[in-house]
Amino acid sequence: MSMSGRASCMLVVSIALLGGAAAFQAPSLGPPRPGAMHASHSSSSAQRLGALSLHHGQRRAGSNGGRQSGVVGLQSQVMESVLPALSPALQGISSGVGSLAGILVLGGVIAFHELGHFSAARLQGITVQDFSIGFGPKVIQFEDKQGISYSLRALPLGGFVSFPEAMTQEEKDEMDEEDRKDMEEAIQKGEYVDYDYNDPNLLQNRPVAQRALVLSAGVIFNMILSFGAIFVTVTSGGVMEPLLKPGVAVPAIVSPQGAGARYGLEAGDVVIAVNGEKISQDASETAKLVSKIKKSGGKEMQWDILRKGEEYELTLTPDKTKSGDGIIGVKLTSNIEKIKAVVPDGPVDAIVLTSKEFVRILSETLIGFGKIFSNLNQYAGSMAGPVGVMQMGAEAGQQGALLTFAALISINLGIMNALPLPALDGGQMVFLAYEAATGKPLERKTMSRINGTALTVLLGLSLLLLVGDVEKLIPLQWR
């Protein structure tokens, strides 16, 4: 959300950032159960329900179907990105009721985020112009008595709340003849309101603290929604808790050409010892084994495995990546004997369990974002775009885990927006902090250039992600 400046068109930006592997287990949030981990990564978040990574971008409208020019907009663009350790069921697009339910959940999470901005503004008497869910052509639109336009658009993967922005007389004088004529025609048709620059109800004229509340309300609402969704799943189905056996399971071979497959590992094997050191039933053993593989540097390792009740010895030499890490191309997970549901005894216990799950997901998501920014090259190939989110939503819908999906989507959307990056809520908070410290805001042109550049970069990345989605669904053959 930009606090000032104007743009001549609306931009739709979509980008996915990695937050960890994700899997759904109906009917409850589960874990603290371990999940799958690719043997080439050491992401601890992949041991449980991972984090979807989302983006909430900025949209500023100058002219959109005759609506107000000089408008500040808030846009949510839901994307996700996952490690190759995802369940094979997520590799194809699901259809039918599950897909529709997943899309509806995405739209609902976005709407709740935007409701945060909207509510914070209206409760403070700040003028709001548009509340929109989705982007693209309008499907449904109506106005209330206060002139606020509400619309549902064709693609429900984004949304925005827009605030009118007044121009100074100097800015009006700098307009060229054509723009001035367009503005006058829009005023005559009732499509544009020439607000008084000193109007106290305009967002731009409110104190820093009030504008900060409007900016942060979207993130706050995301956290509330996530906590609520977790609470419902905890009270209705409990939290899934695994009972583990010694060893690390190999549920799947990710790369048939990888070292694991070449040296004889098979799906269904259980690694019970490495280099003579036995593996316990502790949930951390999977991460420890992945770390050993990475640190092996391509050196030979002695593995003891259990296959269909029989023990075997295996000599395995991991492949080396360009960075020098060892990699074997298999999926690793804790050796689960069974999973039980821990049901809360009462309201207090339910709140305690919910709080633990909320903190766990929040911390794992933050760790996931940290891994992205610390080693972007490692995860660049694992990013996905809107199609990936729809896959995840479809899978969640088919497994009856939509509340889990909503919780993960919402908490990631909130975290993404809190990042201090231009064009995100966190970035605009940085601008406000500068204004509070110096006593004056950045110049509009400066803010517009910063946000415009950021949006251009995000748009370029989103296009690359979209191409990647298509290639994953329909492998391209270049001739």
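In this text, all values refer to a predicted model and were calculated from it rather than measured experimentally.

What counts and what doesn't
- Residues numbered from 1 in each chain as written.
- Predicted model: local features only at pLDDT ≥ 70, side-chain atom pairs only at ≥ 80, totals over all residues.
- Heavy atoms only, no water.
- Helix = DSSP H or I, 4+ residues; strand = E, 2+ residues; numbered from the N terminus.
- Contact = heavy atoms within 4.5 Å.
- Patch = residues over 30% accessible without salt bridge, like charges linked within 9 Å, V, L, I, M, F, W, Y side chains within 5 Å.
- Areas by Shrake-Rupley, 256 points an atom, 1.4 Å probe, with all protein chains shown as cover.
- Salt bridge = Lys/Arg side-chain N within 4 Å of Asp/Glu carboxyl O.
- Lys, Arg positive; Asp, Glu negative; His and termini not counted.
- Charge placed at Lys NZ, Arg CZ, Asp CG, Glu CD.
- Buried < 20%, exposed > 50% of the residue type's maximum accessible area, 1.4 Å probe, protein only.
- Expected span 1.5 Å × (residues − 1).
- pLDDT = per-residue confidence, 0-100.
- Phe/Tyr/Trp six-rings, centres within 6.5 Å; stacked < 30°, edge-to-face > 60°.

Moving on to the side chain of Asn222. As for its placement among the helices and strands, Asn222 is situated in helix 4 (residues 208-237). Excluding residues that lie within four positions of it along the chain, Asn222 makes contacts with Val109, His113, Ser410, Leu413 and Gly414.

A contiguous patch of negative charge on the surface is contributed by Asp176, Glu178, Asp179, Asp182, Glu184 and Glu185. The exposure class of Asp176 is partly exposed, given its relative accessible area of 42%.

Attention shifts here to the pattern of salt bridges. This model, assessed by the stated rule, comprises eight salt bridges. The residue Lys292 makes a salt bridge to Glu277 at a minimum N-O spacing of 3.3 Å. Pair noted here: Lys292 is in helix 6 (residues 285-295) and Glu277 is in strand 9 (residues 277-278), with a separation of 15 residues, a long-range link. The exposure class assigned to Lys292 is partly exposed, which follows from its relative accessible area of 32%. Two residues, Glu357 and Arg360, come together in a salt bridge whose shortest N-O distance is 2.9 Å.

Glancing now at unusual backbone geometry. Backbone geometry at Asn275 places phi at a positive 55°, although glycine is not the residue there. Here Asn275 is to be found in the loop between strand 8 (269-274) and strand 9. A residue is classified by how much of its surface remains accessible, and Asn275, at 48% relative accessible area, is partly exposed. A positive phi angle, close to 55°, is found at Lys308, a residue other than glycine. Checked against the element boundaries, Lys308 lands in the loop between strand 10 (301-307) and strand 11 (310-316). Residue classification places Lys308 among the exposed positions, given a relative accessible area of 83%.

Take the environment of Leu306 next. Locating Leu306 in the fold gives a position in strand 10. In sequence terms Leu306 and Gly268 are 38 residues apart; their C-alpha atoms lie 8.9 Å from each other. Excluding residues within four positions of it along the chain, Leu306 makes contact with Gly268, Asp269, Val270, Ile272 and Glu311.

Bringing helix 10 (residues 402-418) into the picture now. For helix 10, built from 17 residues, the straight-helix expectation of 24 Å at 1.5 Å per residue is met to within 8% by its first-to-last C-alpha distance of 24 Å. Buried residues dominate helix 10, accounting for 14 of its 17 residues.

This next bit is on a nonpolar patch on the surface. A surface patch of nonpolar side chains, about 380 Å² in accessible area, is lined by Val139, Ile140, Phe142 and Leu152. Sort the elements by how many residues they give to the nonpolar patch and strand 5 (residues 130-143) lands first, with three residues. Mapped onto the fold, Phe142 is located in strand 5. The partly exposed category is assigned to Phe142, whose relative accessible area is 49%.

All right, on to the confidence of the model for the protein then. Considering every residue of the protein, the mean pLDDT works out to 74; 71% of them sit at 70 or more. Between residues 1-95, whose pLDDT stays under 50, and residues either more than four places distant or in other chains, the model counts 421 contacts. Scored below 50 in pLDDT, residues 475-479 shows one contact in the model against residues more than four places distant or in partner chains.

Right, let's talk about the packing of aromatic side chains for a bit. Applying the stated criterion to the full structure yields six aromatic pairs. Geometrically, the ring pair formed by Phe142 and Tyr150 is stacked, given 5.1 Å between the ring centres and 20° between the ring planes. Measuring from centroid to centroid gives 5.8 Å for Phe227 and Phe358, while their planes differ by 65°, and the two rings are edge-to-face. Here Phe358 lies in helix 7 (residues 347-374) and Phe227 lies in helix 4, a separation of 131 residues in the sequence.

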